[in-house]
Amino acid sequence: MTKTDAGERPADLEAAIQELKREKGAVILAHFYQESEIQDLADVVGDSLALARAAQEIDCRMIVFCGVHFMAETAAILNPGIPVVVPDLEAGCSLADGCPPEEFKAFIADHPGAKVVTYINASAGVKAMSDLICTSSNAVEMVKHFEGEKVILAPDRHLARWIGRETGRDDFIVWPGACIVHELFSAKGLAKLRAQHPDAEVLAHPECDQAILDQADFIASTTGIIARAVASPDRPSIIATEDGVFHAIRKQVPDKVLYQAPGMDESCACNQCPYMRLNTLEKLYDCLLNEGPTVTVPEELAKQALVPIERMLELSK
Ligand code: 13P
Ligand code: SF4
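The structure reproduced in this document is the subject of the present report. The structure displayed is predicted, hence computed values, not measured ones. (Residues numbered from 1 in each chain as written. Chains lettered and ligands numbered in written order. Predicted model: local features only at pLDDT ≥ 70, side-chain atom pairs only at ≥ 80, totals over all residues. Heavy atoms only, no water.)

**Considerations on the overall build of the protein**
Right, so step 1: On a plain count of helices and strands, the protein comes out with 15 helices and 12 strands.
Right, so step 2: Relative to the 2.2 N^0.38 estimate, which gives 20 Å for 317 residues, the radius of gyration of the protein is 20 Å and therefore close to what a compact globule would have.
Right, so step 3: Once the C-alpha set of the protein is aligned to its principal axes, its extents read approximately 55 × 50 × 35 Å.
Right, so step 4: Considering the protein as a whole, with its 317 residues, one finds that 56% of them fall into the buried category.
Right, so step 5: Long-range pairs, those at least 24 residues apart, make up 64% of the contacts in the protein with a sequence separation of at least 6.
Right, so step 6: When the accessible surface of the protein is totalled, it reaches about 13,500 Å², and 50% of it is carbon and sulfur. (Helix = DSSP H or I, 4+ residues; strand = E, 2+ residues; numbered from the N terminus. Rg over C-alpha atoms; globule rule 2.2 N^0.38 Å. Buried < 20%, exposed > 50% of the residue type's maximum accessible area, 1.4 Å probe, protein only. Contact = heavy atoms within 4.5 Å. Areas by Shrake-Rupley, 256 points an atom, 1.4 Å probe, with all protein chains shown as cover.)

If you want it as structure tokens, here you go:
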């Protein structure tokens, strides 16, 4: 299989991708944090939970996963009969990368008897050691299944603190990871923006720091943030999450006024996930053409990781 040189790619990449998708019997799944052109080419666009469900239910020749590695890995675990290809194998995640399975194993061993609830933003190796997986749309609900029990929450300390507030618990054992995108919003900058637009509603993702969540009117997953923004087309929204969600909102309410929560460094594109943005139309075309790179999970590991993922999907029906 040959990798395409830029010069050989067709001029109309979007049309060529549609054509290849049909030819290869492929289905494109894309996260809301993908660039707008990729979202528009996808068969399913969703948050982590919706994409996991879609991956489980899909019947096709090949899944093209436009998101990050742990999402593609989850799709491969849920639907082992279908090859999962990605535009860029390097598209990781600071949360997943910051929780190596070997170190997590030792962390669990230090807390015997604790139930392990792992955010889906984790490697297959870490998922395999977990009792239950959660996403930002069902995290509070999932953790409530372990009321009265010792619970490890991994790998996002901000999400864990938010779950603690929502459940009234302060006894979670927390792996101290963070998302490099959501951690970079500026509380001072947000306060200034709110003061300039007092009529705006602040919508934030639970991966944000507490100083951001303290100023939020509404905290939810990407799907929740989009739905909330769409539900009030006449009220401006200030949004503290990756700016890929703007496209999904604008498609439904094009005239709505939207503001991005500012980053700590005003000159950076802090609200774009550098991993998600490794995927480009060119790489999407190449991966469809070459049917690779493929994301695979060793069979035994996949079987172990499947148990807590399926449990989550069952419990959050
Ligand atoms: P959700 O898709 O669950 O909102 O999570 C956002 C995220 O950071 C994915 O990496
Ligand atoms: Fe990971 Fe954060 Fe990027 Fe989501 S936005 S993929 S949590 S680094």
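Having seen the model, we can carry on.
**Regarding the environment of I63**
Right, so step 1: Tracing the backbone through its elements, the reader meets I63 in strand β3 (residues 62–66).
Right, so step 2: Residue classification places I63 among the buried positions, given a relative accessible area of 0%.
Right, so step 3: Considering only alpha carbons, one finds I63 and A76, 13 residues apart in sequence, at a separation of 8.9 Å.
Right, so step 4: For I63, the contacting residues outside a window of four places in its chain are V27, L29, A55, I58, I82, P83, V84 and V85.

**Section: the site of ligand 1**
Right, so step 1: If you check the shell around ligand 1, you find 13 residues, and the closest are H31, S48, S136, H205 and T222.
Right, so step 2: Relative to its free-state accessible area of 300 Å², ligand 1 is covered by the protein chains to the extent of 96%.
Right, so step 3: Considering only residue class, the shell around ligand 1 consists of four nonpolar, seven polar and two charged. (Near = heavy atom within 4 Å. Nonpolar A, V, L, I, M, F, W, Y, C, P; charged D, E, K, R; others polar.)

**Re the pairing of strand β7 (residues 151–154)**
Side-chain direction in a regular strand flips from residue to residue, so the side chains alternate between the two faces of the sheet.
Right, so step 1: Burial along β7 is two-sided: the residues V151 and L153 and I152 and A154 are all buried.
Right, so step 2: Strand direction decides the pairing type here: strand β5 (residues 115–119) and β7, joined by four bridges, are parallel. If you follow K115 over to β7, its bridge partner there is V151.
Right, so step 3: As defined by bridge partners, β7 adjoins strand β8 (residues 173–174) across two bridges and the pair is classed as parallel. Bridged to L153 within β8 is V174.
Right, so step 4: On the question of chirality, the crossover connecting β7 to the parallel β8 by way of helix α9 (residues 157–167) is right-handed. (Pairing = 2+ DSSP bridges. Right-handed = clockwise from strand over helix to strand, strands pointing away.)

**A short note on the pattern of salt bridges**
Right, so step 1: Counting across every chain of the model gives 16 salt bridges.
Right, so step 2: In this structure, R165 and D214 form a salt bridge, with 3.4 Å as the shortest nitrogen-oxygen distance. Highlighted residues: R165 in helix α9 and D214 in the loop between α11 (210–213) and β10 (218–219), separated in sequence by 49 residues. Per residue, the accessibility class of R165 equals that of D214, and both read exposed.
Right, so step 3: A salt bridge links R277 to D243, with the nearest nitrogen and oxygen atoms 2.9 Å apart. Taken together, the residues span a long stretch of sequence, with R277 in the loop between β12 (258–260) and α14 (281–290) and D243 in the loop between β11 (237–240) and α13 (245–252) at a distance of 34 residues.
Right, so step 4: Each member of the salt-bridge network shares a partner with another, and the members are K24, R61 and E291. (Salt bridge = Lys/Arg side-chain N within 4 Å of Asp/Glu carboxyl O.)

**Considerations on unusual backbone geometry**
Right, so step 1: The peptide bond linking A154 to P155 adopts the cis configuration, its omega dihedral lying at -10°.
Right, so step 2: Its place among the elements puts P155 in the loop between β7 and α9.
Right, so step 3: Cis rather than trans, the peptide bond between G292 and P293 has omega equal to 5°.
Right, so step 4: Located in the positive-phi region is E291, a residue other than glycine, with phi close to 55°.
Right, so step 5: Structurally, E291 is set in the loop between α14 and α15 (299–315).

**Section: the sheet that holds β8**
Right, so step 1: Strand order in the open sheet formed by four strands is β6-β5-β7-β8, with parallel pairing between adjacent strands. The sheet is open, and its two edges are formed by β6 (132–134) and β8, each paired on a single side.
Right, so step 2: Sheet topology note: the β5/β6 ladder contains three bridges and is parallel. Residue pairing across strands places V117 opposite L132, the latter belonging to β6.

**A few points about the sheet that holds strand β4 (residues 84–85)**
Right, so step 1: Here four strands make up an open sheet; going across it, the order is β2-β1-β3-β4 and the pairing parallel. The sheet terminates laterally at β2 (44–46) and β4, the two strands that pair on one side only.
Right, so step 2: Here strand β1 (residues 26–31) pairs with β2 via three bridges, running parallel. Across the sheet, H31 pairs through a bridge with G46, a residue of β2.

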